[in-house]
Amino acid sequence: MRRGLLLLCLTAACAPTSRPAEPTASPGSFTTISVVATTDLHGRVEALSWLSGHLQILRELRRADRGGVLLVDAGDMWQGTLESNLSEGQAVVRAYNTLGYDAVAIGNHEFDFGPVGPSTVPRTDADNPTGVIEARAREARFPFLAANLRTRDGRAWTPPNIRPSTVVTVAGVEIGLIGVTTTTTPGATDPRNLVRLQVRPLLEAIVPEAERLRQQGATAIVVLAHAGGRCHTFVDPDDLGNCTAQSEVFQLARALPPGLVDVIAAGHSHQAIAHRVNGVVIVQAFNEGRAFSRADLIVDTRSGRVRTVHISPPQLVCNGRTSQDIDSWAADACRPAPYESRTVRYDDRVATALRADIARAQARREQLLGVTVTTRYWHSSREESPASNLVVDLLRAATPGADVAVYNASGTRADLRPGPVTYGDMYELVPFDSVTATASLTAGTLADALARGLGRGTAPMLSGLEATARCEAGTVRVVLLREGRPMPPETRLSVVTTEFLASGGAGVFEQMQDAFTLQLDRPMREVIIGAVPREAARIVSGLVGGYDTARPRLRLPGPLPLRCP
Ligand SMILES: [Zn+2]
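About the cut-offs
Residues numbered from 1 in each chain as written. Predicted model: local features only at pLDDT ≥ 70, side-chain atom pairs only at ≥ 80, totals over all residues. Heavy atoms only, no water. Donors = N, O, S within 2.8 Å, 3.2 Å for Na, K, Ca; no water. Helix = DSSP H or I, 4+ residues; strand = E, 2+ residues; numbered from the N terminus. Buried < 20%, exposed > 50% of the residue type's maximum accessible area, 1.4 Å probe, protein only. Pairing = 2+ DSSP bridges. Contact = heavy atoms within 4.5 Å. Axes fitted to C-alpha atoms, helices over the stretch in contact; angles between N-to-C directions. Domains from an automatic or database assignment. Buried area = accessible area lost by both parts, 1.4 Å probe. Salt bridge = Lys/Arg side-chain N within 4 Å of Asp/Glu carboxyl O. Polar contact = N/O pair within 3.5 Å; in protein donor to acceptor, adjacent residues only side chain to side chain. Phe/Tyr/Trp six-rings, centres within 6.5 Å; stacked < 30°, edge-to-face > 60°. Lys NZ or Arg CZ within 6 Å of the ring centre and 35° of its normal. Core = buried A, V, L, I, M, F, W, Y, C linked by side-chain atoms within 4.5 Å.

**Details of the coordination of the zinc ion**
Tetrahedral coordination by four donors puts the ideal angle at the metal at 109.5 degrees, and octahedral coordination by six puts it at 90 or 180 degrees. In the first shell of the zinc ion, the protein supplies Asp76 (OD), Asn108 (OD1), His226 (NE2) and His268 (ND1), at 2.1 to 2.2 Å from the metal. Counting along the primary sequence, the residues that act as donors to the zinc ion give the motif D-x31-N-x117-H-x41-H. Of this pair, Asn108 sits in the loop between strand E3 (103-105) and helix H5 (131-139) while His226 is found in strand E10 (residues 220-226), placing the two residues 118 residues apart along the sequence. On the accessibility criterion, Asn108 (1% relative accessible area) is buried. Under the relative-accessibility criterion, His226 is labelled buried at 0%.

**As for the sheet that holds E3**
One open sheet holds the seven strands; their spatial order is E6-E4-E3-E2-E1-E14-E15, and the pairing between them is mixed. Of all the strands in the sheet, the pair left with one neighbour each is strand E6 (162-163) and strand E15 (305-316). Lying over the sheet, helix H2 (residues 48-64) contacts strand E1 (30-38), strand E2 (68-73), strand E14 (291-300) and E15, oriented at roughly 150° with respect to E2.

**Structural notes on the domain arrangement of the chain**
As assigned here, the chain comprises domain 1 (24-120 + 128-360) and domain 2 (367-555). Taking the mean C-alpha position of each, domain 1 and domain 2 sit 38 Å from one another. Summed over both sides, the interface of domain 1 with domain 2 buries roughly 550 Å², with 50% coming from carbon and sulfur. Considering only the surface of domain 1 that becomes buried against domain 2, Leu82, Thr120 and Arg192 emerge as the three largest contributors, covering 64% of it. Our count for the domain 1 to domain 2 interface comes out at one salt bridge. For Arg192, the salt bridge identified is with Glu499, shortest N-O distance 2.9 Å. Our count for the contact surface shared by domain 1 and domain 2 stands at two residue pairs in polar contact (both at pLDDT 80 or more).

**Some points on the packing of aromatic side chains**
On inspection of all chains with the given rule, the structure shows 11 aromatic pairs. Taken together through their ring pairs, the aromatic side chains of Trp78, Tyr96, Tyr101, Phe142 and Phe144 make up a single cluster. Geometry around Tyr423 places Arg364 over its ring, the cationic atom sitting 5.1 Å from the centre.

**Considerations on the nonpolar core**
Looking at soluble globular proteins, one finds that nonpolar side chains tend to be buried together. One finds Met426, Leu446, Leu480 and Phe509 to be the most contacted residues of the largest nonpolar core, which totals 69 residues. Broken down by element, the residue count for this core peaks at seven residues, all from helix H12 (residues 443-455). Leaving out residues up to four positions away in the same chain, Leu480 has contacts with Ala443, Leu446, Ala447, Leu450, Leu465, Glu466, Ala467, Arg485, Pro486 and Met487. Ala147, Leu213, Phe234 and Ala272 belong to the second largest nonpolar core, which has 61 residues in total.

**Notes on the pattern of salt bridges**
Applying the stated criterion across every chain, the model contains 29 salt bridges. For Arg62, the salt bridge identified is with Asp65, shortest N-O distance 2.9 Å. Under the relative-accessibility criterion, Asp65 is labelled buried at 18%. Among the ionic pairs, Arg417 bridges to Asp425, the shortest N-O distance being 3.5 Å. Taking relative accessible area as the criterion, Asp425 reaches 14% and is therefore assigned buried. Connected through shared salt-bridge partners, Arg62, Asp65, Arg294, Asp296 and Glu340 make up one network.

**Thoughts on the side chain of Thr189**
Of note, Thr189 is situated in the loop between strand E8 (173-181) and strand E9 (197-199). Among the residues examined, Thr189 registers a relative accessible area of 12% and is labelled buried. At 2.7 Å, the side chain of Thr189 forms a polar contact with the side chain of Asp112.

**Things to note about the environment of Ala274**
By the element assignment, Ala274 lies in strand E12 (residues 272-277). When its relative accessible area of 3% is taken as the criterion, Ala274 is described as buried. Taking the C-alpha atoms as reference points, Ala274 and Leu240, separated by 34 residues in sequence, lie 10.0 Å from one another.

**Brief notes about the environment of Arg196**
Considering the arrangement of structural elements, one finds Arg196 in the loop between E8 and E9. A relative accessible area of 43% places Arg196 in the partly exposed class. For the pair Arg196 and Pro129, spaced 67 residues apart in sequence, the C-alpha to C-alpha distance is 8.0 Å. Among all residues touching Arg196, those that are not within four sequence positions of it are Asp125, Asp127, Asn128, Pro129, Arg150, Thr151 and Arg152. Here the side chain of Arg196 touches Asp127 through a polar contact of 3.3 Å, landing on its backbone oxygen.

Here it is as structure tokens:
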């Protein structure tokens, strides 16, 4: 039956258009369901005021033609801003309740906060590693969907308001919604928060669920996939030449039985798609609330089937501006282009619902740390930089007795701009919640660990010593130096680093976690920020942070990952 429909739709009569025609269908025989999808908001709740303005227009249009709007999100909702992180994502759920979301997928970063409370990973058997996700699900007026997250013994994962799928009725049309997340999820959050779950292949989770929903009467199936792809142009949905063919969501669409799934709302890759693959419409609209996706299901009300799907290109909510430009709650912060020939209005309900979150984040962001820097501390994820040196020097200064601090360049996420340094500035530099870890290591062991990291492409940032790497007999060798003099390998060093590196992240201290003791009382970010006022004078004089290019702390014989012929 579905196959016949697909063949029908290969004819020019129902060929997709990149812009939905208005009116999309004649009243009485067809119903239009506009599927609107967001993804990877990463806490940028301020963008939702403008998204809502677009939604209001679309909802009015669908009311007028007796259709409806389905609003979904493909995951990674809440990790990334003070507005969201200070409440472990409560602000995002409150905003989504305000906008009337119908369902969301759980993405990898939904696991980042771990158990409810300050610790982001379970510390005792009593800690629930998915406590925050479950708490947010209980607050949501829409379900969290996770069909490919199963318990260790293979059952569906079903805490209150979390389930594999759901059915919503929009304008009298039953639509089955299924959520899945990328199979790389355990490596893209702290894997300790996934110990009670297994991530199953997407296809294996979707097919039986979609077949069941169809049998129960669902007219259309929409998959919310926190798995993505990438296309570069959005003029012709059937032109796949500008798309990355091997991406996870494209592989999924190609493997699906024809006619089973109508639309995949994708995510995770922070890119955009508005295309059709193997008869399945895939939409994805960047990240951080910059844009939304739209696919209009045209449903034949007499046969109760989807006749075709109109695909819209990703719609920018703020007329070309980046998420950084929208980071204001002012109603004139952006000027969206007209949408469907109507003026897009700012919806102040989001700001009203989040009044307390915004005030708390603002106060914290503007808190002065008692030092003014006069140059830009630029950052790099690949090499030594003034910003990373500031972080690693502060880490050592904040840790009593530490001889050496080790950090990974990719952990520094922003530049520090000239001017009075605020909490918000430092938060952007080190947004992560992981704690610090200490160990007593010999210089020889530390040198071997650094060599291993360099081979894996990690640039270790160092405080308290310098390192020179070279190739010897086909392997990377690292020599540690203090004040210019090589350090005997048996020298004992008190080392402080991050929980991420200590647990084997980035390959530096691989298989060495037993050597480290975690300092659980505060996240590393708070430890570092707490040291800024105490170290103000040394920051200004350049003894802490900064980068002397004439005397790099790490000397390398070639680019990373370091390969010795
Ligand atoms: Zn993601």
